[in-house]
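Residue-level structural notes
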Amino acid sequence: MDFAFSEEQQMLRDAVASRAGDRLPEGKVAELATSDAGWDPGSLAEMAELGWVTLSWPEEAGGSGMGFLEETVVIEELGKALYPGPYLSSVALAAPALRRSPELLGRIAAGEGATLAWAEPEGPWTFEDLESVGTKAAQNGGGWTLTGVKDLVPDLGACSFAVVVARSPEGLGLWAVDVAGAGVEASVLPTVDATRRLGRLTLTDAPAQLVVAPDAAGDVLRGVRLRTLAALAIEAVGVASTAVDLARSYVSERKQFEKPIGAYQAVSHQVTDSYMAVELARSLAYWAAWCVDQHDPQAPVAVAAAKASAGEAAVFACERAIQVHGGIGFTWEHVLHRYYKRAQWIATFEGAGSHHREIVAQRLLDA
Amino acid sequence: MWCQGFSEPGSGSDLASLRTRAERDGDDFVVNGQKVWSSFAHIAQHCILMVRTDASAPKHQGITYLLADMDAPGVEVRPLRPITGDPEFNEIFFSDVRVPAANVLGEVNGGWGVAMTTLMHERGTLGFALTARLEVAVKNLVALAKETRTNGRLASDDPVFRDRIARQWIELQELRFTNYRALTGLVKTGVPGPEGSIAKLHWSESNQRLTKLALEILGPRAPMEGAEGPWNGYWQYQQLRSRGNTIEAGTSEVLRNIISERVLGLPRSR
């Protein structure tokens, strides 16, 4: 495997970084995070117009025929900027389940947000427990209706439709419902990370469109999970590298006892440790993304390792950054806490590090 | 066979403060002083030796790199036992040892640059060797966990040990793929990328955690060594030896300074 980014990928990275810098100047993330919507609803359509939403889709589906790696380049840069909006949800959680639903893919390509509703209030909370899904799908004339409650739905408030994991008599399948549709009650839950709010979807005989039948749903969900965990690992690396950059510039400028505090090893070594943690996690995240892109048999263990490592590295880097910022890093005004909250969101999605390490342990010890 | 004469009792991390002196006398340099932590000195024929040739110059500018003959009169080698008890290192004493001036590597008083090249080479190519060593250690750890009963079950079935063994495996992959990234940078640009600087630091700390975890898995049998010990004392040796990992070839503190100053561009600490 080659870790070098192609010239094309580097140009994409620069373009995303530059656009994110324009659209999210200092203070903008805080403004959006404290707004009712929680994001700029025009932003996804803007990215769709630039072709960033459809990078990995085949050309016949209106995409650019590139791969998952290009998507992760966008995700890493959006993570650095702490972009609030359903890019990751739409491209990693929803779109891979819609390969046979061109009309729904077309809505994402036009800039509508989409997400995946898989968890429920009494579980499942990890993909391994999906068998406990209680939401029911029933055939109703020529169509389907869904009844049940889906919980912890990422970005629900910013999405116009959701792919729902539900149970039909034939087994688990995937259906799409419009968030504003009949029989659907969508609420945004108070979420520590206000830039990526979780929602609850209460479905009462809600008309739904079958997108993946039970015979194929297992494979599709496994693919969605791999893609999402690898994407989140990459996003965590983006979040963490901004935390390291903020710490690096602050300790170089801030003076106490007549010296920049970065001259004190008790301070500089904390920044060094964050940098190390981030670079080590970056190596795993790139490896995981490569495995997913190439359908490598190591993909399940690679994404588990990367998600555990990168999620925890991002939390660690933010905590070190808050510490070396001193009092200012502990204030609501400073942007650091928003990065910290995103890092924690990522670190616990689909289970904390210990959950994903157990997947590694099974590979290592139970074979 | 060659050995290295760099560190001295008074000059470890601050290598440029070294005091072993060499004075010009005709066609020779006459060397007096003491070197320490030298591997293989008891069997080596030659020594790459750093000496002070100008005591009045700034410390980095008065050092010369000599190639010395270990069989020359006045060279005395004494074994230095580390905490494992196994002789592995030596002290070398130089008393009026004559080294031909033709054996200067580089320029007289230009030895610091040569030494830095040696050390960069040592650190730059170290990553893959370290990955291979850690891979063996992880493999052994897995084997140990699968055969050792603890808390009424195999260690490999104990959730606490499972989590920590998985961590060690993940840390190994971090090292492996960070080296690949460093290599990619090297191939593309001709200079090692910043990723390489963290390999030794990460390996040493990971190996220390791993070997302590092995002793924890052994539990009450961990204090036994040699023929009485599990695995014939392998883990006891590995664990004690690992304490040197964060000291040899650059202490973790010095490596962190290097990363913070040269990679992150933070203010100098001294």
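A brief look at the structure comes next. (Residues numbered from 1 in each chain as written. Chains lettered and ligands numbered in written order. Predicted model: local features only at pLDDT ≥ 70, side-chain atom pairs only at ≥ 80, totals over all residues.)

A word on the overall build of chain B
A tally of helices and strands in chain B yields 6 helices and 10 strands. In chain B, which comprises 270 residues, the proportion classed as buried is 38%. (Helix = DSSP H or I, 4+ residues; strand = E, 2+ residues; numbered from the N terminus. Buried ≥ 20, exposed ≤ 12 C-beta atoms within 10 Å, placed from the backbone.)

Considering the interface of chain A and chain B
Taken together, the 31 residues of chain A in the interface contact 32 residues of chain B. Within the residue set of the side of chain A that touches chain B, elements represented by two or more residues are helix H7 (214-253), helix H8 (265-293), helix H9 (299-325) and helix H11 (353-365) of chain A. For the side of chain A that touches chain B, the leading source of residues is H8(A), giving 12 residues. Grouping the amino acids of the side of chain A that touches chain B by side-chain chemistry returns 17 nonpolar, 9 polar and 5 charged. (Contact = placed C-beta atoms within 7 Å. Nonpolar A, V, L, I, M, F, W, Y, C, P; charged D, E, K, R; others polar.)

Some remarks on the environment of Leu24(A)
All names here are of chain A. Mapping Leu-24 onto the fold places it in the loop between helix H1 (7-23) and helix H2 (28-33). On the basis of neighbour count, Leu-24 is assigned to the buried category, with 20 C-beta atoms found within 10 Å. Along the chain, Leu-24 and Ala-81 lie 57 residues apart, while their C-alpha atoms are 7.2 Å from each other. Those residues in contact with Leu-24 that sit more than four places away from it in its chain are Val-29, Ala-81 and Tyr-83.

Quick word on the packing of H8(A) against helix H3 (residues 159-189) of chain B
Close contact between H8(A) and H3(B) brings their axes to 8 Å; oriented N to C, the two are set at 85 degrees. Considering the angle they form, H8(A) stands roughly perpendicular to H3(B). For the pair formed by H8(A) and H3(B), the contact residues are Glu279(A), Leu280(A), Ser283(A), Leu284(A) and Trp287(A) on the first element and Gln173(B), Glu174(B), Phe177(B), Thr178(B) and Arg181(B) on the second. Within the contact of H8(A) with H3(B), the residues separate by chemical class into 4 nonpolar, 3 polar and 3 charged. (Axes fitted to C-alpha atoms, helices over the stretch in contact; angles between N-to-C directions. Parallel < 35°, antiparallel > 145°, perpendicular 65-115°, else oblique.)

Structural notes on the pairing of strand S2 (residues 136-140) of chain A
Residue and element names in this part refer to chain A. With 5 bridges joining them, S2 and strand S3 (residues 143-154) adopt antiparallel strand pairing. The residue of S3 that forms the bridge with Gln-139 is Trp-144. The hairpin formed by S2 and S3 contains 2 residues between the paired strands, and Gly-141 there has a positive phi angle of roughly 65 degrees. (Pairing = 2+ DSSP bridges.)

Considerations on the pairing of strand S7 (residues 198-212) of chain A
Residues and elements named next belong to chain A. As judged from the 8 bridges shared by S3 and S7, these two strands associate in the antiparallel manner. Along S7, the bridge assignment pairs Val-149 with Thr-202. In this structure, strand S5 (residues 171-178) lies alongside S7, joined through 3 bridges in antiparallel fashion. Each bridged residue has a counterpart across the sheet, and for Leu-174 the counterpart in S7 is Val-212.

Comments concerning the packing of H7(A) against helix H10 (residues 336-348) of chain A
What describes two packed helices is the angle between their axes and the distance between those same axes. Residues and elements named next belong to chain A. Contact geometry for H7 and H10: axes closest at 10 Å, N-to-C directions at 155 degrees. Put simply, H7 runs roughly antiparallel to H10. Once H7 is placed against H10, the crossing between them reads as left-handed. Only Leu-336, Tyr-339, Arg-342, Ala-343 and Ile-346 of H10 make contact with H7, whose side of the interface consists of Leu-232, Glu-235, Ala-236, Val-239, Ala-240, Thr-242, Ala-243 and Leu-246. Of the residues assigned to the contact of H7 with H10, the class counts are 10 nonpolar, 1 polar and 2 charged. (Left-handed = near helix turned anticlockwise from the far one by under 90°.)

Regarding helix H4 (residues 199-218) of chain B
The end-to-end C-alpha distance of H4(B), which contains 20 residues, comes to 28 Å, matching closely the 28 Å that a straight helix rising 1.5 Å per residue would cover. The buried fraction of H4(B) is high, at 14 of 20 residues. (Expected span 1.5 Å × (residues − 1).)

Let's talk about H1(A)
Residues spaced three or four apart along an α-helix point in a common direction, a consequence of the helix completing one turn every 3.6 residues. The end-to-end C-alpha separation of H1(A) is 24 Å, in line with the 24 Å expected for 17 residues at 1.5 Å each. Those residues of H1(A) that are buried lie in contact with helix H4 (68-81) of chain A.

Looking at the nonpolar core
Judged by nonpolar contacts, the single largest core of 169 residues is most densely connected at Ala162(A), Val163(A), Ala233(A), Ala288(A) and Ala314(A). With 21 residues, H7(A) is the largest single contributor of residues to this core. If we skip the residues at most four places from it in the chain, Ala162(A) touches Ala114(A), Thr115(A), Leu116(A), Ala117(A), Val153(A), Leu156(A), Val177(A), Val179(A) and Leu201(A). One finds Ala22(B), Phe29(B), Val31(B) and Leu49(B) within the second-largest nonpolar core, a separate group that totals 24 residues. (Core = buried A, V, L, I, M, F, W, Y, C linked by C-beta atoms within 7 Å.)

What about unusual backbone geometry?
Note that the residue after Gly123(A), namely Pro124(A), is joined by a cis bond; omega there is 5 degrees. Examined against the element boundaries, Pro124(A) turns out to sit in the loop between strand S1 (114-117) and S2. In this structure, Asn109(B) is a non-glycine residue whose phi angle is positive, near 70 degrees. Turning to its location among the elements, Asn109(B) is positioned in the loop between strand S8 (104-105) and helix H1 (111-124).

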